[in-house]
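# Architecture and fold: a report
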Amino acid sequence: RRLFRWAAEQVQSEFRPATWDAFWRTCVEGQSVEEVARQLQLTAGAVYVARSRVMARLRARVEEVRDA
């Protein structure tokens, strides 16, 4: 959990606020994709893409640290 928080702090600035919010609200806070899409005025597909991009970057950042 601590590693996740650290990685999140490291990569958050790499994303537009709406992209980060879509990820955070759905993956961390557990809100539905449909609800977040409505709140952020995005399509559900855009929310899924945002989640995927952020998760991929988080994984890469964690791997960078593990390999160091």
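What you see is a predicted model, and the numbers here were worked out from it, not measured in a lab.

Calculation notes
Throughout this description, residue numbers start from 1 for each chain and increase along the sequence as written. Residue-level local features of this predicted model are given only where pLDDT is at least 70; pairs of side-chain atoms are given and counted only at 80 or more, and the full residue set underlies all totals for whole chains, interfaces and linings. Heavy atoms throughout the structure, all of them, feed into the side-chain values; hydrogens and water do not. In this description a helix means any DSSP run of H or I spanning at least four residues, a strand means any run of E spanning at least two, and both kinds are numbered starting from the N terminus. Relative accessibility decides the category of a residue: with a 1.4 Å probe and only protein chains considered, values under 20% of the type maximum give buried, values over 50% give exposed, and everything between is partly exposed. Contacts between residues were defined by any pair of non-hydrogen atoms, one from each residue, lying within 4.5 Å. Only the protein chains shown count as covering a residue, and every accessible area follows the Shrake-Rupley method with a 1.4 Å probe. When charges are counted, neither His nor the chain ends are considered; positive counts come from Lys and Arg and negative counts from Asp and Glu. All charge positions are set by atom: Lys at NZ, Arg at CZ, Asp at CG, Glu at CD. Side-chain atoms within 4.5 Å are what join buried Ala, Val, Leu, Ile, Met, Phe, Trp, Tyr and Cys residues into a set we call a nonpolar core.

## Some words on the overall build of the protein chain
When helices and strands are counted, the protein chain shows four helices and zero strands. Each helix and strand of the protein chain, ordered N terminal to C terminal, gives the series α-α-α-α. Its C-alpha atoms give the protein chain principal-axis dimensions of about 40 × 20 × 15 Å. In the protein chain, which comprises 68 residues, the proportion classed as buried is 29%. A separation threshold of at least 6 residues defines the contact pool for the protein chain, and within that pool the share at least 24 residues apart is 51%. Surface exposure of the protein chain reaches about 4700 Å², of which carbon and sulfur atoms provide 47%. Taking the average location of the 12 positive side-chain charges in the protein chain and that of its 9 negative ones, the two points are 1 Å from each other.

## Some points on the nonpolar core
Within the largest apolar cluster, ten residues are counted, these being Ala7, Ala8, Val11, Phe15, Trp20, Phe23, Trp24, Val54, Leu58 and Val62. Elements with a contribution of two residues or more to this core: α1 (2-11), α2 (17-28) and α4 (44-67). Residues within four places of Trp24 in sequence aside, it is in contact with Phe4, Arg5, Ala8 and Glu29.

## Let's talk about the environment of Thr43
Along the chain, Thr43 turns up in the loop between α3 (33-40) and α4. Put simply, Thr43 and Val33 are ten residues apart on the chain and 9.1 Å apart in space, counted from C-alpha to C-alpha.

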